[in-house]
Amino acid sequence: MPRLQVTNRAGEVREIRVAASQTLMEALRDEGFDIEALCGGCCSCATCHVHIDAAWAHCLPAMSEDEDCLLEGSQHYVPGASRLSCQLRLTQQMDGLKLTIAPPDE
Amino acid sequence: MLQAPNDIDFFTDYEVLKDPYRYWDELRSIAPIVELKSRNMVIVTGFREAVEVLRNTEDFSSVNSVVPTQSLPFTPEGDDIWAQVEAHRDDFEMSSILVAFDGARHAAARSLMTVLFTPTRLKANQDYMKEVAGGLVAEVVARGECEVVRDVAVPYVTMVIADILGIPEEDRETFRREIDKGGPSVGSMEGSPEDQFASFMFMIPYFMRYIEERRANPQEDVLTEFANAKYPDGSLPDPFDLVANATFLFGAGQDTSAKLLGNSMRFLTEDLELQRRLREDRSLIPAFLEEVLRLEGSTKSTHRLAVRKTRIGDVEIPAGKTVIVALGGANRDPARWEDPWSFQLKRPGIKEHLAFGRGAHTCVGNPLARAEIRVLLDLLFDQTSEITLSEKHHGPAGKRKFEYEPSFIIRGLQELYIEFKPK
């Protein structure tokens, strides 16, 4: 079970253990973090936006055009760090991954 | 816990089934969570409290989400009945469909579906949507009038789902004919839960054959992708699980989308000024639809079973209690929505409405429903100069009559007769 270090929108840091094969969005949501994930994981709304620590970029899958397009439209887009957590399926290689939940768009 | 007045039953009172909103307001004025004493249930009409339940998958199971009125198939023991629910899962009515799954099994089944509704997939589907909608709209506009749910919405959404799943052209008419025969809405007073899904059973042999054929001889098509999709752990689904998913998509995505179109048309035909604004500025259609979803979303309630002793807000909920989450009630909670009964375009935070639920069971087809309605309204506006209600069927302004489905799950007009002024 990979461990994740999550910074929530209030800036508090918490470590969680999650089941591999879930998506990051599912893991954060089920742990009660403050993400809305309004579209339910269909890569359609950008309300599960997170910033991934640069050191972990190498373990992430490539971004689809849909994800890229939604993130670029977000007020809190950070090139190289922004991802939609519904599009990231957790693997054992992500053990220790650090991330911050992005602020909500207006 | 505060209790609801005893004289009205949410599941059987015909007036409440047809118009739940005043009843929900009355309950919410007592408390956002109240007990229905006669049924060992609580009903949640507060927005914050509804979100709390929908997001809490540790303490609430979805096993009873379609048939909340069933008795537990066991005697609950203690403050944690998860193990009992799992041991008796197959004894619950309608527990074999996706919306009744929990936990990892639910997430795995759902992962096969989310990929069907991404923006790229829907864009690929859009030309077909326009083609089908264009044909249906041209036909009814030429006639000058129609009953929009049966004549347009049902065949349209049926054919669109068929396209998303890649059903071969030669079989689509059969699907349409079978579905057109119709059946009662899910959660209806009319017919059993099995009857309500029976009209989709004819599909099973078709999908079994598609999956066998595409697994044996992969082609460059959507069905091949569907037949060979893998679970997140890399395993290949049992064909029957895929068939269940496919039939579920028709069952869940058909009535709800069709009713949503009817509900949208009612707003547009009762407020011609609003219709004119949308005609002139089509970019307002999505904002219009979100407000329709809030006020008249086509799923009025969903249900959960408390499987552990827990709390909603500060109210204690014992294990074994059934929870009715009144989505349409939460969507008119004045604690969340200013002047909740009024129709307002572009409310702040409108997309947080609960018409599609929230959390693990958020309606997976929500991007499709939004695209379907947008495409259809756009085409209707293209081909007409005005759409009005049929006074012959619904009466004159001020004395309108509308019949809604007598269902505790579906909120939708049984019929909506409209007339067209051509361009």
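Use the structure listed above.
Here's what I pulled together on the structure shown here. (Residues numbered from 1 in each chain as written. Chains lettered and ligands numbered in written order. Predicted model: local features only at pLDDT ≥ 70, side-chain atom pairs only at ≥ 80, totals over all residues. Heavy atoms only, no water.)

**Observations regarding the packing of aromatic side chains**
All names here are of chain B. This model, assessed by the stated rule, comprises 18 aromatic pairs over all chains. Judged by centre distance (6.3 Å) and plane angle (70°), the ring pair of phenylalanine 74 and phenylalanine 92 falls under edge-to-face. Placement of the pair is phenylalanine 74 in the loop between strand E3 (60-61) and helix H4 (82-87) and phenylalanine 92 in the loop between H4 and helix H5 (103-114), with a sequence separation of 18 residues. Taken as a pair, phenylalanine 74 and phenylalanine 92 share a single burial class, namely buried. When the centroid spacing of 5.8 Å and the interplanar angle of 40° are considered together, the rings of phenylalanine 288 and phenylalanine 343 count as tilted. With a gap of 55 residues between them, phenylalanine 288 in helix H14 (residues 285-296) and phenylalanine 343 in the loop between helix H15 (327-330) and helix H16 (366-383) connect regions that are remote in the sequence. Cluster of aromatic residues (ring-pair linked, three or more members): Phe10, Phe11, Tyr21, Tyr23, Trp24, Trp341 and Phe408. Here the guanidinium or amino end of arginine 332 rests over the ring plane of tryptophan 341, the centre of that ring lying 4.7 Å away. Here arginine 336 stacks its cationic end above the ring of phenylalanine 47, 5.4 Å away from the centre of that ring. (Phe/Tyr/Trp six-rings, centres within 6.5 Å; stacked < 30°, edge-to-face > 60°. Helix = DSSP H or I, 4+ residues; strand = E, 2+ residues; numbered from the N terminus. Buried < 20%, exposed > 50% of the residue type's maximum accessible area, 1.4 Å probe, protein only. Lys NZ or Arg CZ within 6 Å of the ring centre and 35° of its normal.)

**Some details on the environment of B:Val222**
Residue and element names in this part refer to chain B. Note on placement: valine 222 falls in helix H11 (residues 222-228). The exposure class assigned to valine 222 is partly exposed, which follows from its relative accessible area of 27%. Measuring from C-alpha to C-alpha, the distance between valine 222 and aspartate 163 comes to 8.9 Å, with 59 residues separating the pair along the chain. Residues in contact with valine 222, not counting those within four places in the same chain, are Arg121, Ile164, Leu165 and Gly166. (Contact = heavy atoms within 4.5 Å.)

**Some thoughts on empty space enclosed by the protein**
Empty space left among the atoms is revealed by rolling a probe the size of a water molecule over them. Residues and elements named next belong to chain A. Tallied over the entire structure, the rule returns two cavities of 30 Å³ or more. Lining the second largest cavity we find 13 residues, and of these Cys39, Gly41, Cys45, Cys48 and Cys86 sit closest to its centre. Counted by class, the lining of the second largest cavity contains ten nonpolar, three polar and no charged residues. (1 Å grid on protein atoms, 1.4 Å probe; cavity = no way out; pocket = protein on both sides within 12 Å on 5 of 7 lines; lining within 4 Å. Points joined across faces, edges and corners; volume = space filled by probe spheres on them. Nonpolar A, V, L, I, M, F, W, Y, C, P; charged D, E, K, R; others polar.)

**Topic: helix H6 (residues 119-143) of chain B**
All names here are of chain B. Compared with the 36 Å implied by 1.5 Å per residue over 25 residues, the 34 Å span of H6 between its first and last C-alpha is a close match. Along H6, the sharpest change in direction is near 40° and occurs at asparagine 125. Within the span of H6, buried status applies to Leu122, Asn125, Gln126, Tyr128, Met129, Val132, Ala133, Gly134, Leu136, Val137, Val140 and Val141. Tucked into the core, H6 has its buried residues touching strand E4 (145-147), helix H7 (148-164), helix H8 (169-180), H16, strand E9 (384-389) and strand E10 (417-422). Count one or two residues on from H6 and you reach glycine 144, which has phi positive near 90°. (Expected span 1.5 Å × (residues − 1). Bend = angle between axes of the 7 residues up to and from the residue.)

**Here we look at the side chain of B:Ser61**
All names here are of chain B. Mapped onto the elements of the fold, serine 61 is located in strand E3. A distance of 3.0 Å separates a polar atom in the side chain of serine 61 from the backbone nitrogen of valine 63. The contact partners of serine 61, leaving out residues within four places of it in the chain, are Trp82, Val85, Arg89, Asp102, Arg304, Leu305 and Val307. (Polar contact = N/O pair within 3.5 Å; in protein donor to acceptor, adjacent residues only side chain to side chain.)

**Observations regarding the packing of helix H12 (residues 239-270) of chain B against H16(B)**
Residues and elements named next belong to chain B. For the pair H12 and H16, interaxial distance at closest approach is 10 Å and the crossing angle is 45°. Between H12 and H16, the interaxial angle falls into the category oblique. The interaxial crossing formed by H12 with H16 has right-handed handedness. Side by side, H12 and H16 meet where Ser257, Leu260, Leu261, Ser264, Met265 and Leu268 of the first sit next to Ala369, Glu372, Ile373, Leu376, Leu377, Leu380 and Phe381 of the second. Tallied by class, residues from the contact of H12 with H16 come to ten nonpolar, two polar and one charged. (Axes fitted to C-alpha atoms, helices over the stretch in contact; angles between N-to-C directions. Parallel < 35°, antiparallel > 145°, perpendicular 65-115°, else oblique. Left-handed = near helix turned anticlockwise from the far one by under 90°.)

**Focus on unusual backbone geometry**
Residues apart from glycine generally show negative phi values, whereas peptide bonds are mostly found in trans. The phi dihedral of A:Ser21 falls on the positive side, at around 85°, and the residue is not glycine. A relative accessible area of 30% places A:Ser21 in the partly exposed class. A positive phi angle, near 55°, is found at B:Met94, a position not held by glycine. Here B:Met94 shows up in the loop between H4 and H5. For B:Met94, a relative accessible area of 13% puts it in the buried group.

**Let's talk about the pattern of salt bridges**
Using the criterion set out here, one finds 43 salt bridges over all chains in the structure. Across the pair A:Arg3 and A:Asp95 runs a salt bridge whose closest N-O atoms are separated by 3.2 Å. Of this pair, A:Arg3 sits in strand E1 (residues 3-7) while A:Asp95 sits in the loop between strand E4 (82-84) and strand E5 (97-101), and the two are 92 residues apart along the sequence. The class for A:Arg3 is partly exposed, based on a relative accessible area of 30%. One salt bridge in this structure joins B:Glu386 and B:Lys421, with 2.7 Å as the shortest N-O distance. (Salt bridge = Lys/Arg side-chain N within 4 Å of Asp/Glu carboxyl O.)

**Structural notes on the pairing of strand E2 (residues 13-17) of chain A**
All names here are of chain A. Inspection of the sheet shows E1 paired to E2 by five bridges, in the antiparallel sense. Across the sheet, residue glutamine 5 finds its bridge partner in E2, namely glutamate 15. Hairpin connection between E1 and E2: a loop of five residues separates the two successive antiparallel strands, and glycine 11 in this loop has a positive phi of roughly 85°. (Pairing = 2+ DSSP bridges.)

By themselves, these observations are geometric and do not establish any function.
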